[in-house]
Amino acid sequence: MGKLLLTGFEKFLSFPTNPSEEVAKRLKGRKVGKYQCDSITLPVDFEESVAILSDTLEKGSYDLALSLGLAYSREVISLERVALNLIDDGVRKDNKGRIIEDKQILSEGVNAYFASLPLKKIHLALNEAGLKSELSLSAGSYVCNLVMYHLLHFQNTISPSMLAGFIHIPPDASLKRESKWTLDQLEEAIHIVINNC
Ligand code: PCA
């Protein structure tokens, strides 16, 4: 049985919940496909998110690491292809009230990393199940991109055989009334992602 780390994020800005946390919690301790799932909630904090993620990855020797985050303005599951070595969000504060603009994540780091997940296969499987998804070229330049970059930096430098990547999920209908997604559907989508890894 493979080892899976699934991460979600705590709530942030004025959103009352974060479905990425809810979905990660639902899968905690469960067997999904060929993986046994560990899950954690990361703080929306430019420093602590990275510290907790790195510590967990170092201790866990995972075969698959999947991070989830909320993309409030997106309508479908976004399969992120690229993490950039950049934080630049002049508007959104983290949960400690910090704003970071135009800053490299790692000054000696490469400019970008690609997810090591079979994204095209996952995309097809989701769409066949009627759960709409897209391949996305940007995880943004806020905390999700930061976590994705560190996850892929770890994969590339320490654990090259690990499958790793980031998925942005849309809001569920309890968070945004116009949303067509329920938490059950978001959870099903993440099951399909894992089953195709
Ligand atoms: N979404 C934010 C950070 C936490 C989350 O769930 C993002 O897209 O960067």
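Up top is the structure.
Residues numbered from 1 in each chain as written. Predicted model: local features only at pLDDT ≥ 70, side-chain atom pairs only at ≥ 80, totals over all residues. Heavy atoms only, no water.

Along the backbone of the protein chain there are five helices and 11 strands. For 197 residues, the compact-globule estimate of 2.2 N^0.38 gives 16 Å, and the protein chain sits close to it at 15 Å. When its C-alpha atoms are laid out on the principal axes, the protein chain stretches across 40 × 40 × 25 Å. Evaluated residue by residue, the protein chain yields a buried proportion of 54% over its 197 residues. A total of about 9,300 Å² of accessible surface is found on the protein chain, and carbon and sulfur atoms cover 50% of it. Positive and negative side-chain charges in the protein chain, numbering 22 and 25 respectively, have mean positions lying 4 Å apart. (Helix = DSSP H or I, 4+ residues; strand = E, 2+ residues; numbered from the N terminus. Rg over C-alpha atoms; globule rule 2.2 N^0.38 Å. Buried < 20%, exposed > 50% of the residue type's maximum accessible area, 1.4 Å probe, protein only. Areas by Shrake-Rupley, 256 points an atom, 1.4 Å probe, with all protein chains shown as cover. Lys, Arg positive; Asp, Glu negative; His and termini not counted. Charge placed at Lys NZ, Arg CZ, Asp CG, Glu CD.)

Turning our eyes to something else, we now look at unusual backbone geometry. Glycine aside, the phi torsion of most residues is negative, and most peptide linkages are trans. One non-glycine residue with positive phi stands out, namely Ser-61, at about 35°. Topologically, Ser-61 is positioned in the loop between helix H2 (48-60) and strand S4 (64-70). Its relative accessible area of 60% is what places Ser-61 among the exposed residues. Even without a glycine there, the phi angle at Asp-102 is positive, about 50°. With respect to the secondary-structure elements, Asp-102 resides in strand S8 (residues 100-103). By relative accessible area, Asp-102 is classed as exposed at 62%.

Take the packing of helix H1 (residues 19-27) against helix H5 (residues 183-195) next. Axis separation between H1 and H5 bottoms out at 10 Å; the angle between their running directions is 60°. Comparing the axis directions of H1 and H5 gives the class oblique. As H1 packs across H5, the resulting crossing turns out to be right-handed. Where H1 abuts H5, its residues Pro-19, Glu-22, Val-23, Arg-26 and Leu-27 lie against Leu-183, Asp-184, Leu-186, Glu-187, Ile-190, His-191 and Ile-194. Residue composition of the contact of H1 with H5, by class: seven nonpolar, one polar and four charged. (Axes fitted to C-alpha atoms, helices over the stretch in contact; angles between N-to-C directions. Parallel < 35°, antiparallel > 145°, perpendicular 65-115°, else oblique. Left-handed = near helix turned anticlockwise from the far one by under 90°. Contact = heavy atoms within 4.5 Å. Nonpolar A, V, L, I, M, F, W, Y, C, P; charged D, E, K, R; others polar.)

Before going further, it helps to spend a moment on the site of the ligand. The environment of the ligand is formed by Phe-9, Phe-12, Asn-18, Val-44, Gly-69, Leu-70, Tyr-142, Val-143, Cys-144 and His-168. Residue Asn-18 places a side-chain N or O atom 2.9 Å away from an oxygen atom belonging to the ligand. One nitrogen or oxygen atom from the side chain of His-168 is found 2.8 Å from an oxygen atom belonging to the ligand. Of all the elements in the fold, those that place two or more residues in the shell around the ligand are S4 and helix H4 (143-157). (Near = heavy atom within 4 Å. Polar contact = N/O pair within 3.5 Å; in protein donor to acceptor, adjacent residues only side chain to side chain.)

Here we take up the nonpolar core. One finds Leu-57, Leu-66, Ile-77, Leu-126, Ile-167, Ile-190 and Ile-194 to be the most contacted residues of the largest nonpolar core, which totals 64 residues. When residues of this core are assigned to their parent elements, the largest contribution, nine residues, is made by H4. In contact with Ile-194, other than residues within four places in its own chain, are Leu-4, Leu-27, Val-32, Tyr-35, Leu-64 and Leu-66. (Core = buried A, V, L, I, M, F, W, Y, C linked by side-chain atoms within 4.5 Å.)

Quick look at the state of the cysteines now. Tallying each qualifying case throughout the model produces zero disulfides. This cysteine, Cys-197, is not joined by any disulfide, and Cys-37 carries the nearest cysteine sulfur, 12 Å off. For Cys-197, a relative accessible area of 9% translates into the label buried. (Disulfide = S-S within 2.5 Å.)

A few words now on helix H3 (residues 119-128). Within the span of H3, buried status applies to Leu-119, Ile-122, His-123, Ala-125 and Leu-126. On an axial view of H3, the arc spanned by its buried residues comes to 170°, and they lie on one face. Relative to its buried face, H3 has exposed residues pointing more than 90 degrees away, namely Lys-120, Leu-124 and Glu-128. On its buried side, H3 packs onto strand S5 (77-80), strand S10 (133-136) and H5. Downstream of H3 by one or two residues, Gly-130 has phi in the positive range, about 80°. (Arc of directions from axis to C-beta.)

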